[in-house]
Amino acid sequence: MPSSVIKYFSYDAAAKILKIIFVTDMVYFYKNVPERVYKMLKASGSKGRYFNSNIKDKFKFQKLEEE
């Protein structure tokens, strides 16, 4: 399901890094994210709501300017 906030996301299971590209083209790498969190994001009907409740302010991140 498309999101009005998140353009694209992917997960590196070996590194436990969740990459999120927002519709603003800002890119974030969230660190030490359990695979179940990624799977729940993937399955969520509202990606933005799930992100705000379960990822934002819960994991350390690295911000890049643009992809």
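Right above here is the structure, for reference.
Residues numbered from 1 in each chain as written. Predicted model: local features only at pLDDT ≥ 70, side-chain atom pairs only at ≥ 80, totals over all residues. Heavy atoms only, no water.

Asker: Requested: an account of helix H1 (residues 35-43), with residues and values cited.
Answerer: Along H1, the residues classified as buried are Val37, Tyr38 and Leu41. Looking down the long axis of H1, one finds its buried residues gathered within 100° of arc, a one-sided arrangement. When the buried face of H1 is taken as reference, the exposed residues oriented beyond 90 degrees from it are Arg36, Lys42 and Ala43. Buried positions along H1 lie against strand S1 (6-12), strand S2 (17-22) and helix H2 (47-54). (Buried < 20%, exposed > 50% of the residue type's maximum accessible area, 1.4 Å probe, protein only. Helix = DSSP H or I, 4+ residues; strand = E, 2+ residues; numbered from the N terminus. Arc of directions from axis to C-beta. Contact = heavy atoms within 4.5 Å.)

Asker: Give me the lowdown on the nonpolar core, citing residues and values where you can.
Answerer: In this structure, Leu18, Ile20, Tyr30 and Ile55 are the most contacted members of the largest nonpolar core, which totals 16 residues. Elements supplying a minimum of two residues to this core: S1, S2, strand S3 (27-30), H1 and H2. With sequence-adjacent residues up to four places away left out, Ile20 is seen in contact with Ile6, Tyr8, Phe9, Met26, Val27, Tyr28, Tyr30 and Phe51. (Core = buried A, V, L, I, M, F, W, Y, C linked by side-chain atoms within 4.5 Å.)

Asker: Which residues make up the pattern of salt bridges, and what values go with them?
Answerer: This structure, assessed with the given rule, holds 2 salt bridges. Between Asp25 and Lys7 there is a salt bridge; the shortest N-O distance is 2.3 Å. One end of the pair, Asp25, is in the loop between S2 and S3; the other, Lys7, is in strand S1, with 18 residues separating them in the sequence. According to the relative accessible area criterion, Asp25 is partly exposed, its value standing at 31%. (Salt bridge = Lys/Arg side-chain N within 4 Å of Asp/Glu carboxyl O.)

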